[in-house]
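# Secondary and tertiary structure notes
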Amino acid sequence: MDSQDEQWMRHAIRLAQRAEEQGEVPVGAVLVKGNQYIAEGWNVPILSNDPTAHAEMVAIRSAGSILENYRLIACTLYVTLEPCVMCMGAISHARIKRLVFGASDPKRGAVCNALSLAEASFLNHKVTWDGGVLEEECSSLILDFFKAKRTATKIAKG
């Protein structure tokens, strides 16, 4: 694991914790270019009433505004959870060069698990990717969040 990858993933983890504090699924994302911070995001679909407000989408939208370009060429996106199909589509359309994620998502992950969009022949942009960076910490965020939700539901039902 590259020390820069670890540094940026730790930043994404802090953003995921911010999402959790707000009652959202704890996923965080940070976008960098040349190891320089550009933009960040965390899950806010509930707070924003926007089903597309995943951490990756928030970071990509912000980066586009900051760079004044819808193409995010030569950028790396760090995200705590393997992106879904919607986010992988946006990553491809934005021409993000590299994707780094922490936890795999066997049920909905669209990089290399449920779907393998990083390798899809119908996409005209191929994003390089690395998974498993600080995987245990990233996985724990998600697992602990949903475990607490299930426990709270059981208590509420009495």
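Notes on the structure in this doc start here.

Each value, and the rule that gives it
- Counting restarts for each chain, with residues numbered from 1 along the sequence as it is written.
- Local features in this predicted model are restricted to residues whose pLDDT is 70 or higher, and side-chain atom pairs enter the listing and the counts only when it is 80 or higher, whereas totals over whole chains, interfaces and linings include all residues.
- Excluded from the side-chain calculations are hydrogens and water; all other atoms, namely the structure's heavy atoms, are used.
- Ring pairs shown here join Phe, Tyr and Trp side chains whose ring centres sit within 6.5 Å, with only the six-membered ring taken for Trp; geometry is labelled stacked below 30 degrees between planes, edge-to-face above 60, and tilted in between.
- Under the DSSP-based scheme used, a helix requires at least four consecutive residues in state H or I and a strand at least two consecutive residues in state E, with every element numbered from the N terminus.
- Buried means the residue's accessible area, taken with a 1.4 Å probe over protein chains only, is under 20% of the maximum for its type, while exposed means over 50%, and partly exposed covers the values in between.
- Strand pairing follows a simple DSSP-based rule, namely that at least 2 bridges must link the two strands.
- The axes used here are C-alpha line fits, helices contributing only the stretch in contact, and every angle between their N-to-C directions lies in the interval 0 to 180 degrees.
- Whether two residues touch is decided by their heavy atoms; if any such pair falls within 4.5 Å, the residues are in contact.

## Some thoughts on the packing of aromatic side chains
Throughout the structure, instances matching the rule amount to 2 aromatic pairs. Where Phe101 meets Trp129, the ring centres are 5.8 Å apart and the plane angle is 20 degrees; that geometry is what we call stacked. With a gap of 28 residues between them, Phe101 in strand β4 (residues 98–103) and Trp129 in strand β5 (residues 128–130) connect regions that are remote in the sequence. With relative accessibility at 1%, the residue Phe101 sits in the buried group. Classification of Trp129 by relative accessible area gives partly exposed; the value is 30%.

## A look at the sheet that holds strand β2 (residues 36–42)
A sheet is described by the order of its strands in space; here 5 strands give the open sequence β2-β1-β3-β4-β5, paired in mixed fashion. Edge strands, defined here as strands with exactly one partner in the open sheet, are β2 and β5. On average, adjacent strands in this sheet sit at an angle of 20 degrees to one another, irrespective of strand direction. Across 5 bridges, strand β3 (residues 75–81) lies against β4 in parallel orientation. Residue pairing in the sheet places Val79 in a bridge with Phe101 of β4. Strand contacts of helix α5 (residues 135–157): β3 and β4, with the helix running at about 65 degrees to β4, the strand carrying the most contacts.

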